[in-house]
Amino acid sequence: MATDGSDVEGGVACRASGVAPVLWYGQPASDWEREALPIGNGALGAMVFGGVPTERLQLNEKTLWTGGPGAEGYDHGDWRAPRPGALAEVRRRLDTEGTLAPDEVAAALGQPRRGYGAYQHLADLHLDTPHQEVTGYRRRLDLADAVAQVAYTAGGVRYTREYFASYPGAVVAGRWWADRPGALTLTLRLVPGPAGASVRARDGRITMRGALADNGLRYHLEMLVRARGGALVTAGDQVAVTDADEVVFAVAAGTDYAPVYPHYRGADPDRRVRAAVDTAVRLGYPALRAAHVADHRALFDRVQLDLGPTGTHQPTETTPTDQLLAGYGTDPAADRALAALHFAYGRYLLIASSRPGSRPANLQGVWNDSAAPAWSADYHTNINLQMCYWPAEVAGLAETAVPLHDFIEALRAPGRISAKTVCGATGWVVHNETNPFGFTGVHDWPTAFWFPEAAAWLARHLWEHYLFTGDLAFLRERAWPVLREAAEFWLASLHRDPRDGRLVVSPSYSPEHGPFTAGAAMSQQIVWDLLTNVVDAANLLGEDGSAFQSTLEQLDPGLRTGSWGQLQEWKSDLDDPADEHRHISHLFAVFPGRGVSPLTEPELAAAAATSLAARGEGGPGWSRAWRVALWARLRDGDRAHRALAGLLREQTLPNLLDTHPPYQLDGNLGAVAGVCELLLQSHLGVVDVLPALPPAWPDGSVTGLRARGGLTVDIEWRGGSAAALALAADRTGPVTVRCPLLAERPLHDATTGAPVRLMPGPQQTYSFTATAGHRYHTR
Ligand code: FUC
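Residues numbered from 1 in each chain as written. Predicted model: local features only at pLDDT ≥ 70, side-chain atom pairs only at ≥ 80, totals over all residues. Heavy atoms only, no water.

What the rule picks out here adds up to 26 aromatic pairs. Aromatic pair Phe164 and Tyr285: ring centres 5.6 Å apart, planes at 55 degrees, arrangement tilted. Of this pair, Phe164 sits in strand β8 (residues 157-166) while Tyr285 sits in helix α4 (residues 285-300), and the two are 121 residues apart along the sequence. The two residues Phe164 and Tyr285 agree in class, both being buried. Grouped by ring-pair contacts, the aromatic residues Trp65, Tyr74, Tyr116, Tyr257, Tyr261, Tyr264, Phe437 and Phe439 constitute a single cluster. Between the NZ or CZ atom of Arg347 and the centre of the ring of Phe300, over which it lies, the distance is 5.6 Å. (Phe/Tyr/Trp six-rings, centres within 6.5 Å; stacked < 30°, edge-to-face > 60°. Helix = DSSP H or I, 4+ residues; strand = E, 2+ residues; numbered from the N terminus. Buried < 20%, exposed > 50% of the residue type's maximum accessible area, 1.4 Å probe, protein only. Lys NZ or Arg CZ within 6 Å of the ring centre and 35° of its normal.)

This is how it looks when you write it as structure tokens:
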């Protein structure tokens, strides 16, 4: 990137501010949730405190879970005894009574969970120094390099430490150095998380191993320490270094977990963990670091967001991040800089918590310091897991979705059994939440146990991957089997509504509030979405989609306007205008669905806006993030920006992590997707440029956003309108763009230099035929 702040290549001047996206603080972290800084490589995570005299890195390995096979009484949540007629009875009562209380339905269809388990804290790495009084303290996290750093002066010596979690190296690595030779004296020690772990140290190597008490899951952590200069002594279970010039270490960890139903066990982790640290140390710190930075930047650098000039100073550079956040709302320029930093951070967190080969990001990504985290830090599938992956495609991070795709595929085997035993249907199903051990059945929390639509909602992520990449082999081999089998479940489960003969979901529960009914809006909208996607996929693949098509034609779409102009959440008009519940389920068709848009269904979109406005502006971080995306899809940039402002002001911690409370990653990632929707939309088959630009962001630019149809899009705007546009096409084919700029500016093919013949269309759209590999721009 040019350092003069502009990078002209075929059209869009990427006015990136040239400021490295960095979080920084003037004091150590004392609170894990609010202040520690996360690094991760998808499988391993560390929270860096930057403490003096003692440093703490809290460590995680994504598969360290209690529960599952081996845990007493564990099952996948399928009924432990058949309940002949139970489901039919609930359906019959809903047909006659209209609504049922959640307690009643939970009594009939739910059961207590057994051995579900929870994500576990692995260990704390402590590094003790003799330093007491320090000056010039700085703690930072460079998002572009994915390196955390701490620096301070003690006794006239400048000490610096840095850490990163390397995906190619499969280790968390650290380096300590000083600006004077022989100045480093520290002790490294591990404090295990699981009870009963054995810790040994020998020749600069600390090994922690054991098996979890409840399920026998074996875990192994190894750390190798090397010092340059001075002396390194291994005493007991600690490594002590004195008078060294530099200290480096690498940590690797693993368990014998394997994502394979029904046992979820694989090879002993010892050998691969040892090989990882040995290889890392043999490679040497500089090469390890360089490979890490190159790996991370290959993903991170794809998208740059700049929200305009900030005057004489760069707020993110001159003001510590916690103060910048605390001052949100007092300085528009600083607010824009913080919003751009928050966006970059969300992309960083997705990269750090989800890489091919790891499990998907859980409720806390990969970071957890507890043996009993909230909601087990599991995979909630009625909004949270899906939200975490909303930015993956549009924000140029498709590779981070691979763990989700793998996870969804692995849910099918246990999901088939749950579909049969609990729902009496073919196909596969998962309900409200799951764990790494294929929990696809039910539990008994009345307002959060029954949600068979989760499988259909998850399946759309594989369809979306096809829409963004055009990868037909992926569609045929990976997406189609998942989609088809999820749709088969609904062909077997949909119920004919005696009120109007339409096919509805019954029982149907609009997440987490209100009564059980038949045909709640979200249920219908998700099934409509699935069947629509399956029919499209069948047509593309030459498969027989006729059964899905005919079911779709009889399906209640779950879209109706109610007595106060709202989009009804339930088939009966039960909505309370004073209800401010966090789940906004009946607007699924607005986002992430594609069933309602102001451009195609203006009345329904107006009803959706009425509902959304009535939901107020409060709620947990994830709910605010959803509103950013919803208002963006309703093309109201100002209201979307207000939701983002509320998220930053009220639901964001000093380390910029989202809070529910407690810390929950989905709000960070949902906000990235929401911001992308303000600047670019493509869910209606049109590349829609600046559909909901907030008035608060009059000038700016974004590079590298992705549009369905295999396009990479750069946009520059000034005074609230597009000023330059560039599109790079992955493949040859028709492209339609909605951008008023094209009325006054020709589009050029940067590859051939020739002007592009644009066909004007409705609603300020312009169409042309793109050629694979060509780049088009408006200059
Ligand atoms: C759903 C949400 C809660 C929370 C939990 C993890 O149950 O309703 O707000 O986010 O997931």
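Don't stop here, the text continues.
In this section: the environment of Trp463. Considering the arrangement of structural elements, one finds Trp463 in helix α11 (residues 454-469). The sequence separation of Trp463 and Ala479 amounts to 16 residues, and the corresponding C-alpha distance is 6.2 Å. With residues near it in sequence (within four places) discarded, Trp463 still touches Leu475, Leu483, Asn533, Asp536, Ala537, Leu540 and Arg594. (Contact = heavy atoms within 4.5 Å.)

What follows concerns the site of the ligand. The environment of the ligand is made up of Leu363, Trp375, His380, Asn384, Glu512, Arg582, His583, Trp622, His660 and Gln664. Side-chain polar atom of Arg582 to an oxygen atom of the ligand: 2.8 Å apart, as the coordinates give it. For the ligand, an oxygen atom lies 2.5 Å from a polar atom in the side chain of His660. Protein contact buries 98% of the 290 Å² of open area that the ligand shows by itself. Residues of the shell around the ligand, tallied by class, amount to three nonpolar, five polar and two charged. (Near = heavy atom within 4 Å. Polar contact = N/O pair within 3.5 Å; in protein donor to acceptor, adjacent residues only side chain to side chain. Areas by Shrake-Rupley, 256 points an atom, 1.4 Å probe, with all protein chains shown as cover. Nonpolar A, V, L, I, M, F, W, Y, C, P; charged D, E, K, R; others polar.)

Of the pockets and cavities examined, the second largest pocket occupies roughly 500 Å³. Elements represented by at least two residues in the lining of the second largest pocket include exactly α11, α13 (521-541) and β27 (733-738). The biggest single contributor to the lining of the second largest pocket is β27, with four residues. Here the residues of the lining of the second largest pocket are counted per class, giving 10 nonpolar, seven polar and four charged. (1 Å grid on protein atoms, 1.4 Å probe; cavity = no way out; pocket = protein on both sides within 12 Å on 5 of 7 lines; lining within 4 Å. Points joined across faces, edges and corners; volume = space filled by probe spheres on them.)

Pairing within the open sheet is antiparallel, and its seven strands lie in the order β2-β3-β4-β5-β10-β15-β14. Here the strands that pair on one side only, and so sit at the sheet edges, are β2 (37-40) and β14 (231-235). Each strand of the sheet is rotated relative to its neighbour by a mean of 20 degrees, with strand direction disregarded. Sheet topology places strand β4 (residues 54-61) next to strand β5 (residues 123-128); six bridges connect them, and they run antiparallel. Within β5, the position partnered with Thr54 by the bridge is Asp128. (Pairing = 2+ DSSP bridges. Axes fitted to C-alpha atoms, helices over the stretch in contact; angles between N-to-C directions.)

Here we take up the side chain of Asn432. Turning to its location among the elements, Asn432 is positioned in the loop between α10 (402-423) and β19 (433-434). Look at Asn432 and you get buried, because its relative accessible area is 3%. If we skip the residues at most four places from it in the chain, Asn432 touches His380, Thr381, Asn382, Ala448, Phe449, Phe451 and Glu512.

Right, let's talk about the environment of Tyr264 for a bit. In this structure, Tyr264 sits in the loop between β16 (246-255) and α3 (270-283). By relative accessible area, which is 2% here, Tyr264 ends up buried. Along the sequence, Tyr264 and Ala227 sit 37 residues apart, while their C-alpha atoms lie 39 Å from each other. Each residue touching Tyr264, except ones within four places of it in the same chain, is listed here: Pro69, His76, Asp256, Tyr257, Ala258, Pro259, Pro414, Pro436, Phe437 and Gly438.

A word on the packing of helix α1 (residues 86-97) against helix α2 (residues 102-109). Running from N to C, α1 and α2 cross one another at 160 degrees; their axes reach a closest spacing of 9 Å. In terms of orientation, α1 and α2 fall into the roughly antiparallel class. Relative to α2, α1 is oriented so that their crossing is right-handed. Listed contacts from α2 to Ala86, Leu87, Val90 and Arg93 of α1 are Glu104, Val105, Ala108 and Leu109. (Parallel < 35°, antiparallel > 145°, perpendicular 65-115°, else oblique. Left-handed = near helix turned anticlockwise from the far one by under 90°.)

A word on empty space enclosed by the protein. All chains considered together, the criterion is met by 11 cavities of 30 Å³ or more. The calculated volume of the largest cavity comes to roughly 230 Å³. Taken together, 18 residues make up the lining of the largest cavity; nearest its centre are Tyr389, Trp390, His461, Glu464 and Arg708. For the lining of the largest cavity, the secondary-structure elements that each account for two or more residues are α9 (391-394), α11 and α18 (666-679). When residues in the lining of the largest cavity are grouped by element, the largest group, five residues, is from α11. Among the residues forming the lining of the largest cavity, the class breakdown is 10 nonpolar, two polar and six charged.

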